[in-house]
Amino acid sequence: MLDRAGISYKLIPYTVDENNLAADHVAEELGEDIRRVFKTLVLHGQRCGYFVCVVPGNTEVDLKKAAHIAGDKKVDLIAVKELLPLTGYIRGGCSPLGMKKHFPTFFHESALEFDEIYVSAGIRGLQIGVDPRKLIEVTDAVTADLTTDAQ
C-alpha cells in the first residue's frame, strides 16, 4: 500500500520475545520513545461492526471514547482467536496496513506530534517507520482522542 501510494518508509527489524509481545518491549528493541511506537487494535461494536484503533504503546484504548468515535454505545476488543481470520494478522504483528478487508480506522491524535511513528509491518519482528500524516492518509483514517491517560 505504501509503495503504491509513493510513500517513503523504513522497515526496522527487532528481536521478538514470544513471552513479551508488548509495545514497551518493541520500543526498547528499537531504541525509540514508547510514545512513537503505536499498537494496532481491532474492536467491535453492535452498530458499527469492526474497526481499528492505532494508539501509542504506553496507553490503553478507552472503550467509551472509542465507542463514541465509532458511533456506537458499547464496543469491545475482539478476542485474539478472531484476529487472524478477520485481519490476516496474528497478535504482535497486526498492522493498520493491508488487512484482509478495509475497516474504519482511527489513530490517536498524538501521532501528529511526530515526524515519524512506528507500526507493525504485519509480522512479529518487523516495524515500519513512517510519516504519520501519510499513514493516516493511506489508511483513510481519522484522528481522535482514543485513550485513557498515558502511563
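The structure this text deals with has already been given above.
What counts and what doesn't
- Residues numbered from 1 in each chain as written.
- Predicted model: local features only at pLDDT ≥ 70, side-chain atom pairs only at ≥ 80, totals over all residues.
- Heavy atoms only, no water.
- Helix = DSSP H or I, 4+ residues; strand = E, 2+ residues; numbered from the N terminus.
- Buried < 20%, exposed > 50% of the residue type's maximum accessible area, 1.4 Å probe, protein only.
- Disulfide = S-S within 2.5 Å.
- Contact = heavy atoms within 4.5 Å.
- Core = buried A, V, L, I, M, F, W, Y, C linked by side-chain atoms within 4.5 Å.
- Pairing = 2+ DSSP bridges.
- Axes fitted to C-alpha atoms, helices over the stretch in contact; angles between N-to-C directions.
- Arc of directions from axis to C-beta.
- Polar contact = N/O pair within 3.5 Å; in protein donor to acceptor, adjacent residues only side chain to side chain.

(A) Highlighting unusual backbone geometry. The backbone of Asp 140 shows a phi angle near 55°, a positive value even though the residue is not glycine. Relative to the helices and strands, Asp 140 is located in the loop between α4 (132–138) and β8 (142–144). With relative accessibility at 58%, the residue Asp 140 sits in the exposed group.

(B) How the structure looks around the state of the cysteines. According to the stated counting rule, one finds zero disulfides in the structure shown. With no disulfide of its own, Cys 48 lies closest to Cys 53 among cysteine sulfurs, the gap being 9.3 Å. Relative accessible area serves as the criterion here: at 25%, Cys 48 is assigned to the partly exposed category.

(C) Region of the structure containing the side chain of Thr 139. The topology assignment puts Thr 139 in the loop between α4 and β8. Residue class for Thr 139 comes out buried when judged on its relative accessible area of 2%. Here Thr 139 is in contact with Pro 96, Leu 97, His 102, Thr 105 and Phe 107, once residues within four sequence places are set aside.

(D) Up close: the nonpolar core. One finds Val 42, Met 99, Phe 107, Ile 117, Val 119 and Leu 135 to be the most contacted residues of the largest nonpolar core, which totals 24 residues. At the level of elements, β2 (38–45), β3 (49–56), α3 (80–87), β6 (117–120), β7 (126–130) and α4 are the ones that each hand at least two residues to this core. Here Met 99 is in contact with Thr 40, Val 42, Val 52, Thr 87, Tyr 89 and Cys 94, once residues within four sequence places are set aside.

(E) Layout of the pairing of β7. Among the five residues that make up β7, five are buried, leaving the element largely enclosed by the rest of the structure. What you see with β7 is no split at all: Leu 126, Ile 128 and Val 130 on one side and Gln 127 and Gly 129 on the other are buried throughout. Pairing between strand β1 (residues 9–13) and β7: five bridges, direction antiparallel. For Ile 12, the partnering residue across the bridge sits in β7 and is Gln 127. Of the strand pairs in this sheet, β6 and β7 are connected by four bridges, and their pairing is antiparallel. By the bridge assignment, Val 119 is partnered in β7 with Ile 128.

(F) Geometry of the sheet that holds β2. Read from one edge of the open sheet, five strands run β4-β2-β3-β5-β8, paired in mixed fashion. The strands lining the two open edges of the sheet, one partner per strand, are β4 (75–77) and β8. Mean inter-strand twist for the sheet, computed between neighbouring axes without regard to direction, equals 35°. Direction of pairing for β2 relative to β4: antiparallel, over a ladder of three bridges. Considered in β4, the bridge of Leu 43 is made with Leu 77.

(G) Quick peek at the environment of Arg 91. Here Arg 91 lies in the loop between α3 and β5 (105–108). Distance from Arg 91 to Ala 22, taken between C-alpha atoms, is 9.9 Å for residues 69 residues apart in sequence. Here Arg 91 is in contact with Leu 21, Val 80, Leu 83 and Arg 124, once residues within four sequence places are set aside.

(H) How the structure looks around helix α2 (residues 63–70). Of the residues making up α2, those classed as buried are Ala 66, Ala 67 and Ala 70. The arc that holds the buried residues of α2, viewed along the axis, is 100°, so those residues lie on one side. Seen from the open side of α2, the exposed residues pointing more than 90 degrees away from its buried face are Lys 64 and His 68. Each element contacted by the buried residues of α2 is listed here: β2, β3, β4 and β5. Of the residues flanking the start of α2, the one acting as N-cap is Asp 62, its side-chain oxygen 3.0 Å from the backbone nitrogen of Lys 64. Looking at the residues trailing α2, positive phi occurs at Gly 71, about 80°.

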